[in-house]
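In case you want the letters, here they are:
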Amino acid sequence: MVVLEPLDEFAFDAYRRQLLARYADSIASAWEVDLLTAEGFATSQLESLLPEGVVTNFHQLRQVWREGRQVGVVWFSSQPGSIAYVYDLFVEEPCRRQGIASEVMRLVEIEASEQGCFALSLHVFESNAVAQQFYQALGLRPIGTQLFKRFHNAGAAKIGGQ
């Protein structure tokens, strides 16, 4: 049985470091930028999305527990009358492919629906085919394509103000 519990400040600090590392790696690869630039952007974005940390309005940060052990984290936003948005779902490597992520998404959908949301959305990098297949198997469907072009001239603004 999977249980979601609120993330406390101590657990948030550890999660934040891990999330920033994963997100920066994805950005560096997708945007073809150096890791330092990607880390700057990831940090800036996280600070703008969670200015109050775990108590930021409309954001839910939950530890994922199974059989008395924390096995992951999910972060989503939900505001009545809107679309819930999953920012991050992470399950530890040895615990993957055991139905945990599917159960987490089911629980997120229930909670978001109870909070008055009418749909669920998320972003997956193009290179993450496994995640795309997983979410589509849960009934999520692509609704568009995000296109990207990096400016390479010296006068272009740096990503994340770096």
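Let us look at the structure shown here. Quantities reported herein were computed from a predicted structural model and do not represent experimental measurements.

**Structural notes on the sheet that holds strand S1 (residues 2-6)**
Point 1. Strands sit in the order S1-S2-S3-S4-S5 across an open sheet of five strands; the sheet is mixed. Taken across any chain shown, the strands that pair with only one partner, and hence form the sheet edges, are S1 and strand S5 (119-122). Adjacent strand axes in the sheet meet at a mean angle of 35°, parallel and antiparallel pairs treated alike.
Point 2. Pairing of strand S3 (residues 69-77) with strand S4 (residues 83-91), which is carried by six bridges, proceeds in the antiparallel orientation. By the bridge assignment for S4, Gly72 is matched with Val91.
Point 3. Against the sheet, helix H3 (residues 100-114) touches S1, strand S2 (59-66), S3, S4 and S5, its axis set at about 155° to S4.

**Focus: unusual backbone geometry**
Point 1. Phi is positive for Phe58, close to 70°, though the residue is something other than glycine.
Point 2. Among the structural elements, Phe58 can be located in the loop between helix H2 (35-49) and S2.
Point 3. Judged by relative accessible area, Phe58 falls into the partly exposed class, the value being 42%.
Point 4. Backbone geometry at Arg97 places phi at a positive 65°, although glycine is not the residue there.
Point 5. On the secondary structure map, Arg97 appears in the loop between S4 and H3.
Point 6. With a relative accessible area of 78%, Arg97 lands in the exposed category.

**With respect to the nonpolar core**
Point 1. Membership of the largest hydrophobic core comes to 21 residues, with the highest contact counts inside it found for Leu7, Phe12, Tyr15, Ile27, Leu61 and Trp75.
Point 2. Of all elements in the fold, only helix H1 (9-31), H2 and S3 reach the threshold of two or more residues within this core.
Point 3. The element that contributes the greatest number of residues to this core is H1, accounting for nine residues.
Point 4. Counting 20 residues, the second largest nonpolar core, distinct from the first, contains Val71, Val74, Ile100 and Val104.

Thresholds, definitions, all that
- Residues numbered from 1 in each chain as written.
- Predicted model: local features only at pLDDT ≥ 70, side-chain atom pairs only at ≥ 80, totals over all residues.
- Heavy atoms only, no water.
- Pairing = 2+ DSSP bridges.
- Helix = DSSP H or I, 4+ residues; strand = E, 2+ residues; numbered from the N terminus.
- Axes fitted to C-alpha atoms, helices over the stretch in contact; angles between N-to-C directions.
- Contact = heavy atoms within 4.5 Å.
- Buried < 20%, exposed > 50% of the residue type's maximum accessible area, 1.4 Å probe, protein only.
- Core = buried A, V, L, I, M, F, W, Y, C linked by side-chain atoms within 4.5 Å.

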